[in-house]
Amino acid sequence: MEYHFPKLALGAAALALAMSLPTAVNAKDTVKIAFIGPLTGGSSAIGLGGRNSADLALKQRNANPQSKYTYELVALDDECKPNVGVQVATKAAADKSIIAGVTNYCSAVAISAVDVYHRFGLPVIVWGAVLPAITYGQKYKEVHRVNGTMINQNQVAAEFMAKQGYKKWAVIHDTTDYGKGHNQYFSESLKKHGGEILGTFGVMSDQQDFTAELTKIKELNPEVIFFGGLTPLGIRIRSQMDKLGITAQLQGTSGIKSDAYISGLGNELAEGSLAFLEGAPLEKLPHGKEFSDAYQKQGYAQPPDAYGPFAYAAMNLIMDSIEKAGPNRKKVMADLNQTHDADTVIGKVTFDDHGQNIVPLVSTYVAQDGKWVIWEDSEYATGKRKLKR
Amino acid sequence: MLHTLKPSRSLLWAAMVVAFAIAWGVLHAESEFEVGITLVAIVVVVLAARWLRVAPAVGASMNDHPRSLGWACILGVLLLTAAFYDDHFALLLLCTVLLYSVAGFGLNIQFGYCGILNFAGAAFFGIGSYTAAVLTTHTGTPHLLVLVVGGLVSALLGSMLILPVLRTRGHYAALVTIAFGILFKTFLEVNDTLGGPQGMRIPNMNILGWQLNEDIVIGDLDISFYANYAVLSLVLCVIAFILVRRLERSWIGVSMDMVRTDEIAASVFGVPIARMKIIAFTAGNFLVGVAGAVYGLLTSYVAPNNFTFSDSLILVSMVILGGIGNPWGILPAAAIILILPEKLQFIQEYRFLLYGILIIAILLFRPDGLLPRSIRNFFPGQSRT
Amino acid sequence: MSMEVFSQYLVNGLMLGMIYAMVAVGFTLFFGVMDVIQFAHGDVLMLGAFTALVTFLGLDAIGITNPWLQILIMLVVSMLLIAVVGALVAKYLILPLKDAPPLNTLLLTLMLGLVLRELVRLFYPDGSNSKPFPRLLPDHELHLGAFSIRADSAILLVAGLVTIVALHYVITRTKLGLAIRAVAQDGETARVMGINFHWIVLLTFGLGSAMAAIGGIMNGLYYSEINFGVGLLLGIIGFSAAILGGLTNVYGAILGGFLFAALQTVGSVMLPLIGSGVPSSYKDVFAFAVVIMLLAWKPSGLIAERSSERV
C-alpha cells in the first residue's frame with residue numbers, strides 16, 4: 001500500500017488543482033450578497049424558488065450596464081434547522097466581503113440567526129419567515145423583512161373560517177417557535193370570532209407517526225384541524241388523517257402552501273386543503289407578469305413557489321442600497337432603514353421602526369385539482385364543491 | 001547525506017515551521033484556487049519527506065523532545081491567532097478544531113486507553129453546552145467555574161450509564177451509549193424547559209471582567225473577539241493534553257491498557273477493572289463536557305440538533321483517523337475533518353459521505369490511523385530509529 | 001377507552017412490532033453466523049424501500065397497473081437486489097475483517113450505514129425530502145364485531161406473519177437452514193463437516209437483507225412514504241429488539257421486536273395520562289430508557305446468550 005501512495009497523491013493533487021481554476025476577473029468591483037434558505041430538506045421547493053428568484057434579480061442587475069458593481073450570489077443552505085442556520089449565518093456574517101443578506105424562510109432558523117446578524121453587523125432582509133418576533137422581538141437595526149407576519153395571516157384565517165360556519169377546532173402545531181407562534185396567534189384570533197378549540201397537540205418537526213395524536217383527535221371529533229407547521233409534516237398528517245378515517249377539514253398556514261404539499265399527497269388527498277399566504281398571487285402583483293416571464297426565460301429547474309417574489313424584491317432593495325451607498329455594511333444598513341414606499345415586484349415597501357414591511361393583503365388558497373387556487377377563483381367559492389365538515 | 005540525518009531539536013523546529021506554514025495556508029485560503037494550491041503544497045511536502053527519507057528522523061526528533069514539540073505547537077497556534085487577528089471565520093475554525101480536539105482527548109481516554117466505546121460523545125458535548133447555557137442565563141456563576149461545572153454535569157450524567165456500561169461487553173456496550181445519545185437528543189427536543197427544538201441562546205462570556213464576546217480595539221487594530229476564545233481554547237487544549245499524557249504514563253494508564261487488551265488476564269493480575277472503567281468513562285466525559293461548555297459560549301447558541309448520532313460518529317471518526325490511543329493524532333485529524341469541508345465548498349454537501357467512506361477505507365486498509373500509537377516507551381529519551 | 005380506539009392502538013402496535021421483528025431477525029442471523037453486528041441493517045431496509053419505489057415507477061412507466069402484480073414484482077426485484085447488496089457487503093466488508101477486533105467491524109458497519117444514507121440523500125433526485133410511497137393495498141375497513149381494522153393493515157400483518165413462518169421453515173426444515181445453524185454454532189467444525197463456510201455466510205447475509213427489503217416495503221406501504229433517514233432509527237430499534245431477545249435466538253428477536261413496539265405504544269398512550277402537557281414524542285425516550293435499564297439488569301439480553309470466551 002505504501003508504494004501506491006505517491007501515485008494516489010499525485011492524482012489527488014492534479015484533481016484538486018483542476019477543480020480550483022481561478023474565476024474570471026471583472027472590470028467592475030465585485031460585491032457579494034448572501035442568500036440563506038432551506039435548499040435541502042422538506043421545504044426545499046420554497047427555498048430553491050427563493051434562491052432562483054434572488055439569482056434572477058442579480059442576473060438582471062449584472063446585465064444592466066448602468067449598475068456600478070458586479071454582484072455575486074453566495075447561496076447557503078440552512079436545511080431549515082436552527083443550528084445549521086446559526087452556523088451558516090455566522091459564516092456569512094463573519095465574512096467581511098459579504099455586504100448584505102437575503103435571509104431565511106424558516107422562522108425557527110431566523111429567530112436564532114438574527115442575533116448573529118446583529119453581532120457581526122450584517123444588514124439582512126428576511127424574505128419568507130413569518131414569526132413576528134423576528135422583527136418585533138428586538139430592536140436590531142440590521143434586520144428587515146419584506147413579507148408579512150403570521151399575525152395578519154391568522155386574523156384573516158380565523159375570520160374566513162368563522163364565516164364558513166365552522167365552530168370546533170383541534171390544533172396541531174410543531175414545537176419550534178414557528179409552530180408555537182401559529183398556535184398562539186390563531187388561538188387568539190379564533191377566540192375573537194367565537195370558535196372553540198377542543199384540543200391542542202404539539203408535535204416534533206420531524207415526527208413520523210401521528211397515530212397517538214390523531215386517535216385522540218378522532219375522539220374529540222372537531223370540524224376542522226388547524227395545522228401550524230411546514231409541508232413535510234402537513235403531508236404526513238393529512239395522509240394519516242385519511243388512514244384513521246378522520247373526515248375533518250384541514251386548515252393550514254403559509255407553511256403548506258407549496259407545490260411539494262400537493263405532489264407529496266397526490267391530487268386526491270390534497271383536494272380541499274386550505275392555506276393562507278400574505279400578498280396577492282403572482283398574476284395579480286403589480287409587476288408580476290414581468291417577473292414571471294423573466295423567470296421562465298432563465299429556465300430554472302424549480303418554479304418560484306410561494307415566496308419567490310419576496311426574495312426577488314428583497315434582493316433588488318439591497319442592490320439599490322448598495323448602488324446608492326456603496327459596498328459598506330453600515331451605510332447599506334442606514335439606507336435600508338430609510339426605505340419608504342420603494343417600488344418593488346410585490347408592491348410598495350416601507351420598513352417601519354422595527355424594519356417590518358406591512359403587507360396589507362392575505363390571500364386564501366384552496367387545493368383544487370392538484371393546484372393551489374385563490375379562493376375567490378375556485379369552485380368552492382361558487383359552491384360547486386364543498387369543504388369538509 | 002539525508003539518509004544519515006540524526007534526530008535533533010533543530011530538525012524538530014524545522015519540521016514545525018513547515019507545519020505552521022501549511023496550517024497558515026489552509027486557514028488563509030479563500031478561493032478554491034488558493035485551496036487547491038495549498039493542498040498541492042501539502043502533497044508535495046509529504047512526498048518529499050518520503051522520498052528524501054526524512055520522515056523517520058523527524059518522527060524520532062518528535063519522540064525525543066516532547067517538551068520542545070509541545071512548546072512549538074503552542075507557539076504555532078499563538079502565531080496563527082496573531083496572523084488571523086481580524087479574520088473572524090479563520091479564528092472560529094481554529095477554536096472549533098481546538099475544542100473538538102479536547103473532546104477527542106476525552107474520547108481517547110475512554111476508548112484508546114480503556115477500550116470503552118462511547119457513541120454518545122456528541123450528547124456529552126451537548127450536556128456541557130446546555131449546562132453553560134443554563135448557568136450563564138439563570139445564575140451568576142463566574143464563567144470559568146461554569147466550564148468546570150459543565151464538565152462535572154457531563155461526567156455526572158455519564159455515570160448514569162456506568163452500570164450498564166460496566167456490565168456489558170462489546171456490542172451491548174455500544175448499544176447502551178447509542179441509546180443514550182438518541183434518548184438525550186429526543187429528550188431535549190421534546191422538553192420545552194431547555195428551549196425545545198429551538199435551543200437556547202447563551203449570553204456573552206466574561207472572565208473576571210474581560211468580555212470575551214467583544215472585539216478588542218487597540219488603536220487602529222480591530223482584533224476579532226474570536227481571538228479571546230482562541231487563547232482560551234488553546235489553554236484548555238494544553239491542559240487537557242498534559243492531563244491525558246500524564247494519565248497515560250501513570251500507573252492508572254498502564255492498568256487501563258491492560259483492561260483494554262485483555263480483561264480476564266487483567267483481573268487475574270488484580271487490576272480493579274470496574275474502577276478503571278469508571279475512571280476512564282468519567283474523566284473522558286468530563287473533558288468532553290468542558291469542551292462543550294466553551295463551544296456553547298463561543299457560538300452563543302445551543303440546540304438539540306447539534307448533537308445527533310451522526311455528530312457522535314464524527315467524533316469517533318476523528319479518534320480513529322488520528323490513530324487510536326495517540327493524542328497527537330487527534331489534532332491533525334480534527335483539522336482535516338473540520339476545516340476541509342469548510343474550505344472546499346464542493347465537498348461541503350458530501351462531507352458525511354466522504355467521512356464514512358474514508359473511515360471504511362481506513363478500517364479496511366490502515367486500521368492504525370494517521371499517527372499510530374507507538375509501543376509504550378518505558379524508558380523515555382531513547383527512541384528507536 | 002372505546003373499543004375502536006383500543007383496536008387502533010393495537011393494530012398500530014402490531015404493525016410496528018412486525019417491522020421491528022423483521023429487522024431484529026436480520027441482526028440475529030448475522031450475529032449468529034459471523035459474530036458481527038451489522039449496524040447498517042436498518043439502512044439496507046431503507047434501500048429496499050427505495051428500490052421498490054424505483055421499480056414501481058418503472059412499472060408505472062411501462063404500463064403495468066394491476067396493484068397486486070405491481071406489489072409482486074416490487075417484492076421480487078427488491079428482495080433479489082437487496083440480497084445481492086447484503087452478500088456484497090458480507091464479501092467485501094465483513095469477511096475480510098473476520099480476524100480483526102470486533103470493534104473494527106462494528107465501526108465499519110456504522111460508517112456503512114452513514115454512507116448508504118448519504119448516497120440516497122445525495123443521489124436520489126430530491127433525496128432529502130420524503131417520497132410518497134404508492135398506495136397499492138385496498139383501504140376499506142373490515143369489521144369484526146366492535147373491532148375494526150383497515151384492509152391494508154390486515155394484509156400487512158398477515159404478510160409479516162407469513163414471512164416469519166416461512167423463515168422458520170427455511171431455518172428448521174431445509175438443508176440451507178441446517179447449514180446456517182451449523183455455521184452459527186461452530187464455524188470451524190462446520191467447515192470440517194464439508195459445509196462451504198464462505199457461501200453460507202453470503203447466503204445468510206443475502207437472506208437477512210431480503211427480509212429487510214420486505215420490511216422496507218411494508219414500512220412504505222404502511223406510512224405511504226419513505227425517506228432516507230428511516231433506516232437509522234429502525235436499525236437501532238431492531239438492534240435493541242434483537243438484544244432484548246438475546247442475540248442468538250431468532251424467536252427471541254421476534255419477541256423483542258413486539259416488546260419494543262409494545263413499549264412505545266404503551267408509552268404513547270400512558271404518558272399523556274401522567275401529565276396533560278406531556279407530548280407523545282416522549283415515547284421514544286421512554287422506550288430507550290427501558291432498554292438501557294433492561295441491559296443493566298440482564299447484560300446478555302432477556303434470553304441469555306450462552307457464550308464462551310477463549311482466554
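The next subject is the interface of chain C and chain B. Contact residues are listed per partner, giving 46 residues for chain C and 41 residues for chain B. Across the interface of chain C and chain B, roughly 4,000 Å² is buried in total on both sides, 82% from carbon and sulfur atoms. Joining chain C to chain B, the criterion identifies 0 residue pairs in polar contact (both at pLDDT 80 or more). Element by element, the count of residues in the side of chain C that touches chain B is highest for helix α4 (residues 102-123) of chain C, at 15 residues. Here the residues of the side of chain C that touches chain B sort into 36 nonpolar, 4 polar and 6 charged.

Moving on, we come to the environment of Ala72(B). All names here are of chain B. Looking at the element boundaries, Ala72 is found in helix α4 (residues 66-83). Looking at Ala72, the relative accessible area reads 7%, which means it is buried. With 52 residues separating them in the primary sequence, Ala72 and Phe20 have C-alpha atoms 9.5 Å apart.

In this section: the domain arrangement of chain A. All names here are of chain A. Once the domains are mapped, chain A shows domain 1 (27-147 + 282-358) and domain 2 (151-278 + 364-377). Computed over C-alpha atoms only, the centres of domain 1 and domain 2 are separated by 28 Å. With 20 residues of domain 1 at the contact, the number on the domain 2 side is 20 residues. When domain 1 packs against domain 2, the two sides together hide about 1,400 Å² of surface, and 63% of this comes from carbon and sulfur. A salt bridge links Asp377 to Lys284; its shortest N-O distance comes to 3.6 Å. At the boundary of domain 1 with domain 2, the tally comes to 3 residue pairs in polar contact (both at pLDDT 80 or more). Elements supplying a minimum of two residues to the side of domain 1 that touches domain 2: α2 (44-63) and α4 (107-120). Examining the composition of the side of domain 1 that touches domain 2, we find that 3 residues originate from one element, α4, more than from any other.

Further remarks concern the sheet that holds strand β5 (residues 143-145) of chain A. All names here are of chain A. The parallel open sheet is built from 5 strands, whose spatial order is β2-β1-β3-β4-β5. Looking at which strands have only one partner, the edges of the open sheet turn out to be β2 (70-77) and β5. For this sheet, the mean angle separating the axes of adjacent strands, direction not counted, is 25 degrees. On top of the sheet, α2 reaches β1 (30-37) and β2; it is set at about 170 degrees to β2, its chief contact.

Moving on: helix α8 (residues 197-223) of chain C. Residues and elements named next belong to chain C. For α8, spanning 27 residues, the distance from its first C-alpha to its last is 39 Å, which sits close to the expected 39 Å at 1.5 Å a residue. For α8, a buried count of 23 out of 27 residues is recorded, marking the element as mostly surrounded by other parts of the structure. Just beyond α8, the residue with positive phi is Ser224, at close to 55 degrees.

Looking now at the state of the cysteines. In total, this model carries 1 disulfide over all chains according to the counting rule given. Residue Cys80(A) pairs covalently with Cys106(A) via a disulfide, S to S 1.9 Å. Every disulfide takes its handedness from the sign of the S-S torsion; for Cys80(A) and Cys106(A) that torsion is -110 degrees, giving left-handed. Highlighted residues: Cys80(A) in the loop between β2 and α3 (82-94) and Cys106(A) in the loop between β3 (98-103) and α4, separated in sequence by 26 residues. Taking relative accessible area as the criterion, Cys106(A) reaches 2% and is therefore assigned buried. Between Cys95(B), a free cysteine, and Cys237(B), which holds the nearest cysteine sulfur, the sulfur-to-sulfur gap is 11 Å. A relative accessible area of 0% places Cys95(B) in the buried class.

Parameters at a glance
Residues numbered from 1 in each chain as written. Chains lettered and ligands numbered in written order. Predicted model: local features only at pLDDT ≥ 70, side-chain atom pairs only at ≥ 80, totals over all residues. Heavy atoms only, no water. Contact = heavy atoms within 4.5 Å. Buried area = accessible area lost by both parts, 1.4 Å probe. Polar contact = N/O pair within 3.5 Å; in protein donor to acceptor, adjacent residues only side chain to side chain. Helix = DSSP H or I, 4+ residues; strand = E, 2+ residues; numbered from the N terminus. Nonpolar A, V, L, I, M, F, W, Y, C, P; charged D, E, K, R; others polar. Buried < 20%, exposed > 50% of the residue type's maximum accessible area, 1.4 Å probe, protein only. Domains from an automatic or database assignment. Salt bridge = Lys/Arg side-chain N within 4 Å of Asp/Glu carboxyl O. Pairing = 2+ DSSP bridges. Axes fitted to C-alpha atoms, helices over the stretch in contact; angles between N-to-C directions. Expected span 1.5 Å × (residues − 1). Disulfide = S-S within 2.5 Å.

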